[in-house]
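# Architecture at a glance
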Amino acid sequence: MLLAVAMVALIAGIAVGGGDGDGGSAATQPEVAIGPEPDAVRQLTLRRQVGQMTVSSFDGPTVPPYIRRRLRAGETAGVILFGRNGGPRATWKRVTRTLQRAAGGSALVAVDQEGGGVRTVPFAGPQAAQPDQGTPDEIRSAARAAGRVLRATGVNVNLAPVADVASSSASVMADRAFTGLPVEVSSRVDAAVRGLREGGVAATAKHFPGLGGATANTDDAEVSIGAVPSDLETRDLLPFRAAIAAHVPLVMLSHALYPAIDTAHIASQSPLIATDMLRHRLGFRGVAITDSMEAEAVLARSGVAEAAERSVEAGADLILLTGSASWNDAFPRLLARARRDRSFRERVRRSAMRVLALKRSLHLMAPPER
């Protein structure tokens, strides 16, 4: 009976239509994204508003001229860095200083720093992978320490923690997700989010609405997860609820298909998941970021530019472009759609507001107005 009630409640929540960020538990979740006055966004040209919806990347330990130009123009919100961009501590600091100088102090600088083998910055923690990070207190302490090192290095966004619940030892997330029952995973996710904030870095709960039932990585293959609404409600969504209650600044959208919710669209392109479930049902008002748009689960359906447009339509605020050339396709497509489509243009404006609020919470500058 309890599972039946949970299923009905979830479906009812998903069925709620309408605005952006109302309903559910939103009343208890601060409007992190709507902090700046609307005028702060209106003062940006449409090109810059669209730019605030993209995260760029590049190869090598030297920031190329096209990235510097893009940041100066406010045509990207920031960058994601990988191991190929770093080296010794001095190299990392030089790269991040160059990025901020070009951006006028407004760049989001993101890395994947889950712990263990998934650590972009090798001299920062957590040293252990998430399954081995211990109690919530130990996790919070490790996340705080890692955040301080990352921020001192010039990183301000961590694409972690993994908030998935591994449903079995065959789960692709079994060696990356916190262990325990869903309620225990939830307390660990809460601790990681709070610890990173205390270290000065914005946390990202991923991969919404849960990738723990997958046996393959969406980077490498199309993935369909057969979780029914009651599974999501009693297992997969619990850690994301905990992260949102802890005021997590970002949530990453999965590229898996969840046929019980949406038979046609992967999560990052599904309004039912990215807007109705995440915003309306769970009350999240921060920044929704996609997983890498170069993932095989995305490219099997369309090119990057079309996928980016679909994700924005669905409710994503930041498009994560991990291929160095992908911005050249995605940005013009988003800008052209925004110029001709008033409703899409309003979507861009709301997302730009959320991204500017995230930047403000990190004590970053707004991008240039002209």
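Residues numbered from 1 in each chain as written. Predicted model: local features only at pLDDT ≥ 70, side-chain atom pairs only at ≥ 80, totals over all residues. Heavy atoms only, no water.

### Examining the layout of surface pockets
Considering only enclosed or pocket space, the largest pocket measures out at about 250 Å³ in volume. Lining the largest pocket are 18 residues, and of these Asp112, Arg176, Lys206, Asp219 and Asp291 sit closest to its centre. By volume, the second largest pocket amounts to about 210 Å³. Considering the residues around the second largest pocket, the lining is formed by 14 residues, among which Arg197, Ala202, Pro249, Ser361 and Leu362 are closest to the centre. Looking at side-chain class alone, the lining of the second largest pocket contains eight nonpolar, four polar and two charged residues. (1 Å grid on protein atoms, 1.4 Å probe; cavity = no way out; pocket = protein on both sides within 12 Å on 5 of 7 lines; lining within 4 Å. Points joined across faces, edges and corners; volume = space filled by probe spheres on them. Nonpolar A, V, L, I, M, F, W, Y, C, P; charged D, E, K, R; others polar.)

### Digging into unusual backbone geometry
Look at the link from Gly125 to Pro126: it is a cis peptide, with omega at -5°. Backbone torsion omega between Lys206 and His207 reads 5°, so that peptide bond is classified as cis. One can find His207 in strand E7 (residues 204–208). Positive phi, close to 65°, is recorded for His247, a residue that is not glycine. Topologically, His247 is positioned in the loop between helix H8 (229–245) and strand E8 (250–253). When its relative accessible area of 30% is taken as the criterion, His247 is described as partly exposed. The phi dihedral of His363 is positive, around 65°, even though this residue is not glycine. Residue position: His363 is located in the segment after helix H13 (342–361). For His363, a relative accessible area of 72% corresponds to the exposed category. (Helix = DSSP H or I, 4+ residues; strand = E, 2+ residues; numbered from the N terminus. Buried < 20%, exposed > 50% of the residue type's maximum accessible area, 1.4 Å probe, protein only.)

### Comments concerning the packing of aromatic side chains
If you walk through the whole model with that rule in mind, you get two aromatic pairs. Plain terms: the ring middles of Phe208 and Phe240 are 5.2 Å apart, the flat faces sit at 90° to each other, and that makes the pair edge-to-face. Taken together, the positions of Phe208 in strand E7 and Phe240 in helix H8 put the pair 32 residues apart, joining distant regions of the chain. Like Phe208, the residue Phe240 is buried in the burial classification. For the pair Trp327 and Phe331, a centre-to-centre distance of 4.6 Å together with 10° between the ring planes defines the contact as stacked. One end of the pair, Trp327, and the other, Phe331, are both in helix H12 (residues 327–340), four residues apart, so they sit about a helical turn from each other. Here Trp327 and Phe331 have matching classes, each one buried. (Phe/Tyr/Trp six-rings, centres within 6.5 Å; stacked < 30°, edge-to-face > 60°.)

### Overview of the pattern of salt bridges
Under the criterion given, the structure shown has 21 salt bridges. A salt bridge links Glu306 to Arg310, with the nearest nitrogen and oxygen atoms 2.4 Å apart. Here Glu306 and its partner Arg310 are both found in helix H11 (residues 304–314), four residues apart, which amounts to about one turn of the helix. Under the relative-accessibility criterion, Arg310 is labelled partly exposed at 26%. One network of salt bridges, with partners in common, ties together Glu309, Glu313, Arg333, Arg337 and Asp341. (Salt bridge = Lys/Arg side-chain N within 4 Å of Asp/Glu carboxyl O.)

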